[in-house]
Protein chains: 2
Amino acid sequence: MTEWLDEVEMAAWRGFVDVSAGVSGALEAELLESHGITTGDYGVLARLSEVDDARMRMCDLAAAMHLSPSGLTRRVDGLVRRGLVRREPSSDDRRVMLAVLTSDGRSFLEAVAPLHVDGVRRHFLSRLSRSQLRELASAFRDIQAGFGSVARGRPA
Amino acid sequence: MTEWLDEVEMAAWRGFVDVSAGVSGALEAELLESHGITTGDYGVLARLSEVDDARMRMCDLAAAMHLSPSGLTRRVDGLVRRGLVRREPSSDDRRVMLAVLTSDGRSFLEAVAPLHVDGVRRHFLSRLSRSQLRELASAFRDIQAGFGSVARGRPA
DNA sequence: GATACTTCCTTGCGTCCGCAAGTATTACCC
DNA sequence: GGGTAATACTTGCGGACGCAAGGAAGTATC
């Protein structure tokens with residue numbers, strides 16, 4: 001017999017779900033309105049900008065973005081059409097394609113990033129004290145540590 | 001000039017995004033595999049079960065589910081097809097339709113709920129101490145309090 | 001070194017969902 | 001009270017994404 005959620009558990013869970021929807025919805029709307037880019041596309045550009053040579057294997061990028069292979073293919077299609085990313089076959093392994101941030105892509109990202117960071121602060125970080133932030137970061141670390149071990153389906 | 005995120009802020013934000021994707025992905029997969037229902041459909045049934053007379057106006061339900069009007073229309077379409085929810089015109093206001101949980105819907109919900117609660121525990125709650133839970137709940141309350149006041153686009 | 005198995009990416013197809021437009025009903029205002 | 005505005009829901013349409021299948025390349029086994 002499964003125990004139902006008590007008040008604190010319910011508040012933590014519902015709060016998590018609602019804040020997640022609220023914050024990502026708000027960021028999505030702001031980014032789309034101001035620069036015509038989705039948070040998903042922004043995420044790809046941001047990831048690429050952080051790694052050596054600004055290039056990643058498609059499969060690694062898909063995992064980092066929580067996206068299926070086909071989902072990433074089409075997302076990169078869009079970014080390629082806009083000239084922000086370029087495809088490049090890997091010389092190591094000819095199965096893999098690398099997604100490479102173009103210089104236009106980097107410029108664009110640098111133009112967009114301040115608004116995104118500002119949004120993350122306004123909607124999320126600034127609402128919390130420094131110690132709450134530390135608590136959150138460590139709580140999330142604890143949760144992620146359990147992903148591999150308790151999953152029944154794919155962890156995603 | 002916008003300040004970039006420091007280490008703690010980055011950990012809190014990235015952790016939030018990744019945990020959000022990971023947990024909801026895991027729950028989605030489990031619910032779908034075991035009972036053939038999405039978390040979205042489950043959410044509708046759960047909400048309806050919590051309110052008086054197990055009925056809600058479509059627009060209120062849409063807001064509660066973070067869904068557009070059209071999105072809810074089609075979600076309810078699906079639940080009606082499966083006999084879990086019934087539509088009923090409101091007598092107060094003839095513009096509004098009420099979504100009503102059927103008795104089949106309630107039975108189904110009661111069959112599914114234990115697995116869902118169990119999943120929420122396994123993937124989320126059980127990873128945190130009691131005091132972490134309280135911290136989270138209050139942090140989320142603080143964040144939601146700011147939604148109306150700092151939004152630039154729609155909050156959700 | 002040929003055959004089977006795995007990995008990586010793409011494409012066809014179906015689903016979900018948001019936006020815009022349309023209809024019906026209610027609220028506001030002179 | 002009639003006209004305008006606002007609200008509630010639905011439908012057409014298009015975009016995004018996951019699954020399954022397919023092709024191409026690497027890996028393992030004999």
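Note that the coordinates shown come from a computational prediction; the quantities given were computed from them, not determined experimentally.

Student: Got a minute to help me understand the relation of the copies chain B and chain A in this structure?
Tutor: Put simply, the two copies of the chain differ by a rotation about an axis and a shift along that axis. Note on the copies: chain B fits chain A at an RMSD of 0.0 Å, the axial shift is 0.0 Å, and the rotation between them is 180°. Here the two chains are linked by the operation of a two-fold rotation axis. Both copies share a contact surface, since 100% of the interface residues of chain B are interface residues in chain A too.

Student: Just to check I follow, could you spell out unusual backbone geometry for this structure?
Tutor: In terms of backbone geometry, most residues other than glycine have negative phi values and most peptide bonds are trans. Residues and elements named next belong to chain A. A positive phi angle, near 55°, is found at His66, a position not held by glycine. Relative to the assigned elements, His66 resides in the loop between helix H3 (58-64) and helix H4 (69-81). For His66, a count of 18 C-beta atoms within 10 Å gives the class partly exposed.

Student: In this structure, what is going on with the protein's contact with DNA strand C? I would like to understand it.
Tutor: Taken together, 21 residues lie near DNA strand C, and A:Cys59, A:Ser70, B:Ser68, B:Ser70 and B:Gly71 sit nearest. Broken down by secondary-structure element, the contributors of at least two residues to the surface near DNA strand C are H3 and H4 of chain A together with helix H4 (69-81) of chain B. Per-element tally for the surface near DNA strand C: the top contributor is H4(B), with five residues. The residue inventory of the surface near DNA strand C, partitioned by class, reads six nonpolar, seven polar and eight charged.

Student: Even after reading the chapter, I still don't get the protein's contact with DNA strand D, so can you show me in this structure?
Tutor: Taken together, 21 residues form the shell around DNA strand D, and within it A:Ser68, A:Ser70, A:Gly71, B:Cys59 and B:Ser70 come nearest. Considering each element in turn, the surface near DNA strand D owes the most residues, five residues, to H4(A). Of the residues belonging to the surface near DNA strand D, the class tally is six nonpolar, seven polar and eight charged.

Student: Looking at this structure, I do not really get the interface of chain B and chain A. What am I missing?
Tutor: How big an interface is tends to be stated in terms of accessible area lost as the parts join. With 52 residues of chain B at the contact, the number on the chain A side is 52 residues. Those elements giving two or more residues to the side of chain B that touches chain A turn out to be helix H1 (7-35), helix H5 (103-123), helix H6 (130-145) and helix H7 (147-150) of chain B. With 17 residues, the single largest contributor to the side of chain B that touches chain A is H1(B). For the side of chain B that touches chain A, the residue count by class is 28 nonpolar, eleven polar and 13 charged.

Student: Can you help me understand H4(B) in this one?
Tutor: An α-helix turns once every 3.6 residues. As a result, residues three or four positions apart point the same way. All names here are of chain B. Between its terminal C-alpha atoms H4 stretches 18 Å, which fits the 18 Å expected from 13 residues at 1.5 Å a residue. The complete set of buried residues in H4 reads Leu72, Arg75, Val76 and Leu79. For H4, the arc enclosing every buried residue in end-on projection is 100°, short of the 170-degree limit, so these residues lie on one face. Turned more than 90 degrees from where H4 packs its buried face, Ser70, Arg74, Asp77 and Arg81 sit exposed. On its buried face, H4 is in contact with helix H2 (39-50), helix H3 (58-64), strand S2 (85-89) and strand S3 (97-101). Gly83 sits one or two residues past H4 and shows a positive phi near 75°.

Student: So what exactly am I meant to see when it comes to the sheet that holds strand S2 (residues 85-89) of chain A here?
Tutor: The strands making up a sheet are joined through hydrogen bonds of the backbone, oriented either antiparallel or parallel. All names here are of chain A. Sheet architecture is open: three strands sit in the order S1-S3-S2, paired in antiparallel fashion. With partners counted over all chains shown, the strands left at the sheet margins are strand S1 (55-57) and S2, one partner each. Between one strand axis and the next, the sheet turns by 30° as a mean value, whatever way the strands run. Of the strand pairs in this sheet, S1 and strand S3 (residues 97-101) are connected by three bridges, and their pairing is antiparallel. Note that in S3 the partner of Met56 across the bridge is Ala99. The sheet strands contacting helix H2 (residues 39-50) are S1 and S3, and the helix crosses S3 at an angle near 90°.

Student: Even after reading the chapter, I still don't get the sheet that holds S3(B), so can you show me in this structure?
Tutor: Residues and elements named next belong to chain B. One open sheet holds the three strands; their spatial order is S1-S3-S2, and the pairing between them is antiparallel. Looking at which strands have only one partner, the edges of the open sheet turn out to be strand S1 (55-57) and S2. Between one strand and the next, the sheet's axes are offset by a mean angle of 30°, whatever the strand orientation. Direction of pairing for S2 relative to S3: antiparallel, over a ladder of five bridges. By the bridge assignment, Arg86 is partnered in S3 with Val100. Strand contacts of H2: S1 and S3, with the helix running at about 90° to S3, the strand carrying the most contacts.

Calculation criteria
- Residues numbered from 1 in each chain as written.
- Chains lettered and ligands numbered in written order.
- Predicted model: local features only at pLDDT ≥ 70, side-chain atom pairs only at ≥ 80, totals over all residues.
- Least-squares fit on C-alpha atoms with pLDDT ≥ 70 in both.
- Contact = placed C-beta atoms within 7 Å.
- Helix = DSSP H or I, 4+ residues; strand = E, 2+ residues; numbered from the N terminus.
- Buried ≥ 20, exposed ≤ 12 C-beta atoms within 10 Å, placed from the backbone.
- Near = placed C-beta within 6 Å.
- Nonpolar A, V, L, I, M, F, W, Y, C, P; charged D, E, K, R; others polar.
- Expected span 1.5 Å × (residues − 1).
- Arc of directions from axis to C-beta.
- Pairing = 2+ DSSP bridges.
- Axes fitted to C-alpha atoms, helices over the stretch in contact; angles between N-to-C directions.

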